[in-house]
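# Working through the structure, step by step
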Amino acid sequence: MDLIIVDDYEALSRAGADWLVEAIQVKPDANIVVATGETPMGVYRELAERRSRGLIDTSRLHVFELDAYLGLPPDDRRSLFGWARRSFIEPLGIPEANIVRLASDAPTAVEACRVYDAAVRRAGGFDISILGLGPNGHLGFNEPPSLPDASTRIVDLTPESIKSNARYWVGEEVVPRQALTCGMDLLLSARRTLLVVSGVHKHEVLHRVIEGPQTPDVPASYLQSASDVTVLADRAAWQGL
Ligand code: PGA
């Protein structure tokens, strides 16, 4: 794992955009799986800003959805796909034809997982994976416990994720209890991964991801064995690890 430690969230957003610009320049038509969540938003804003200044062409990227609440239509403002669309797909001018959905509104979500897996494999896997870190160590919605060979599937959200996601809903009781997630197997075989981590509340879990044993109880700890992983953290999350 490569580690980049920066002073604060602004610096994290710039450093994340630097990393992405370089990765996209190497492969302008990269297959990229993108996290939502608060942490990468600054990175996406900074990347869009650079695109608007003509510094990078993102129009050839192929974007893959990372995770989705089960049963929520994509036009619902709270859907993670809607969030990815507003923060990444539209500001970066990604053509509709280059988007692979994890269709949580499909009549059979199990089939949607199979179709998604097949689409990722047909495309040759992920070139770039941008991930946030759940307070419970999840990657996407690969909730603990998740084994490294776990495939794309329907998952029950842990109480910790329901609590942490309640801020995007009007209350904890209305947060969906189930989600679809891109599998651990696909994420761990991405050619390059950027894990963005910000804030003091992530310190303890970051410590377990980097220094702890690789365990299903901290799914992100398996990134220790993945190739070309960069952990980008601010000082609040790092705190002299
Ligand atoms: P956050 O979410 O970036 O909003 O902290 C991360 C996650 O839960 O994966």
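Scroll up a little and you will see the structure.
In this report, we go over the structure that sits alongside the text. (Residues numbered from 1 in each chain as written. Predicted model: local features only at pLDDT ≥ 70, side-chain atom pairs only at ≥ 80, totals over all residues. Heavy atoms only, no water.)

### Notes on empty space enclosed by the protein
The gaps left among the atoms become clear once a water-sized probe is rolled over them. Under the counting rule described, the total for this entry stands at two cavities of 30 Å³ or more. Taken as a whole, the largest cavity encloses approximately 50 Å³ of empty space. Looking at the largest cavity, the residues that line it are Val 34, Thr 36, Val 63, Phe 64, Glu 65, Leu 66, Asp 67, Leu 80 and Ala 84. With three residues, strand E3 (residues 62–65) is the largest single contributor of residues to the lining of the largest cavity. Grouping the constituent residues of the lining of the largest cavity by class yields six nonpolar, one polar and two charged. A volume near 40 Å³ is recorded for the second largest cavity. Residue lining of the second largest cavity: eleven residues in total, with Ala 68, Tyr 69, Leu 72, Ser 79 and Ser 104 positioned closest to the centre. (1 Å grid on protein atoms, 1.4 Å probe; cavity = no way out; pocket = protein on both sides within 12 Å on 5 of 7 lines; lining within 4 Å. Points joined across faces, edges and corners; volume = space filled by probe spheres on them. Helix = DSSP H or I, 4+ residues; strand = E, 2+ residues; numbered from the N terminus. Nonpolar A, V, L, I, M, F, W, Y, C, P; charged D, E, K, R; others polar.)

### Remarks on the side chain of Ser 129
With respect to the helices, strands and loops of the structure, Ser 129 is situated in strand E6 (residues 128–132). Taking the relative accessible area as the measure of exposure, Ser 129 reaches 0% and is therefore buried. If we skip the residues at most four places from it in the chain, Ser 129 touches Val 33, Leu 187, Ala 190, Arg 192, Thr 193 and Leu 194. (Buried < 20%, exposed > 50% of the residue type's maximum accessible area, 1.4 Å probe, protein only. Contact = heavy atoms within 4.5 Å.)

### Section: the pairing of strand E8 (residues 178–181)
One ladder, built from three bridges, connects strand E4 (residues 67–69) with E8; its direction is antiparallel. For Tyr 69, the partnering residue across the bridge sits in E8 and is Ala 179. Pairing geometry for strand E7 (residues 153–156) and E8, over four bridges, is antiparallel. The partner of Arg 153 across the bridge, within E8, is Thr 181. (Pairing = 2+ DSSP bridges.)

### Observations concerning the packing of aromatic side chains
Under the definition given, this model contains five aromatic pairs. Pairing Tyr 44 with Phe 88 gives two aromatic rings, centres 4.9 Å apart and planes at 75°, and the pair type is edge-to-face. Taken together, the positions of Tyr 44 in helix H2 (residues 41–52) and Phe 88 in helix H3 (residues 80–89) put the pair 44 residues apart, joining distant regions of the chain. Just as Tyr 44 is buried, Phe 88 falls in that class too. Ring geometry for Trp 83 versus Tyr 168: centroids 5.0 Å apart, planes at 65°, classification edge-to-face. Of this pair, Trp 83 sits in helix H3 while Tyr 168 sits in the loop between helix H5 (159–165) and E8; the two residues are 85 residues apart in sequence, bridging distant segments of the chain. By relative accessible area, which is 16% here, Trp 83 ends up buried. Overall, Tyr 168 belongs to the partly exposed group, its relative accessible area being 28%. Among the aromatic residues, ring-to-ring pairing joins Tyr 69, Phe 141 and Trp 169 into one connected group. When the ring centre of Phe 81 is taken as reference, the NZ or CZ atom of Arg 101 above it lies at 4.3 Å. One Lys or Arg, Arg 192, reaches over the ring of Trp 19 and ends 5.0 Å from the middle of that ring. (Phe/Tyr/Trp six-rings, centres within 6.5 Å; stacked < 30°, edge-to-face > 60°. Lys NZ or Arg CZ within 6 Å of the ring centre and 35° of its normal.)

### Here's the deal with the nonpolar core
The biggest cluster of nonpolar side chains holds 80 residues, and the ones touching the most others in it are Phe 88 and Phe 126. Examining the composition of this core, we find that eight residues originate from one element, helix H1 (residues 9–26), more than from any other. In this structure, Phe 88 is in contact with Ile 32, Val 34, Tyr 44, Leu 47, Leu 61, Val 63, Ile 94 and Ile 130, ignoring residues within four places of it in sequence. (Core = buried A, V, L, I, M, F, W, Y, C linked by side-chain atoms within 4.5 Å.)

### Things to note about the sheet that holds strand E2 (residues 31–34)
Pairing is parallel across the open sheet formed by seven strands, whose spatial order is E1-E10-E9-E6-E2-E3-E5. The outermost strands of the open sheet, each flanked by one partner alone, are strand E1 (2–6) and strand E5 (99–100). Docked against the sheet, H3 engages E2, E3, E5 and E6, running at close to 150° with respect to E3. (Axes fitted to C-alpha atoms, helices over the stretch in contact; angles between N-to-C directions.)

### Regarding the environment of Ala 84
Position of Ala 84 relative to the elements: it lies in helix H3. Judged by its relative accessible area of 8%, Ala 84 falls in the buried class. Counting along the chain gives 21 residues from Ala 84 to Val 63, while the straight-line C-alpha distance between them is 9.7 Å. When neighbours within four sequence positions are excluded, Ala 84 is seen to be in contact with Thr 36 and Ile 89.

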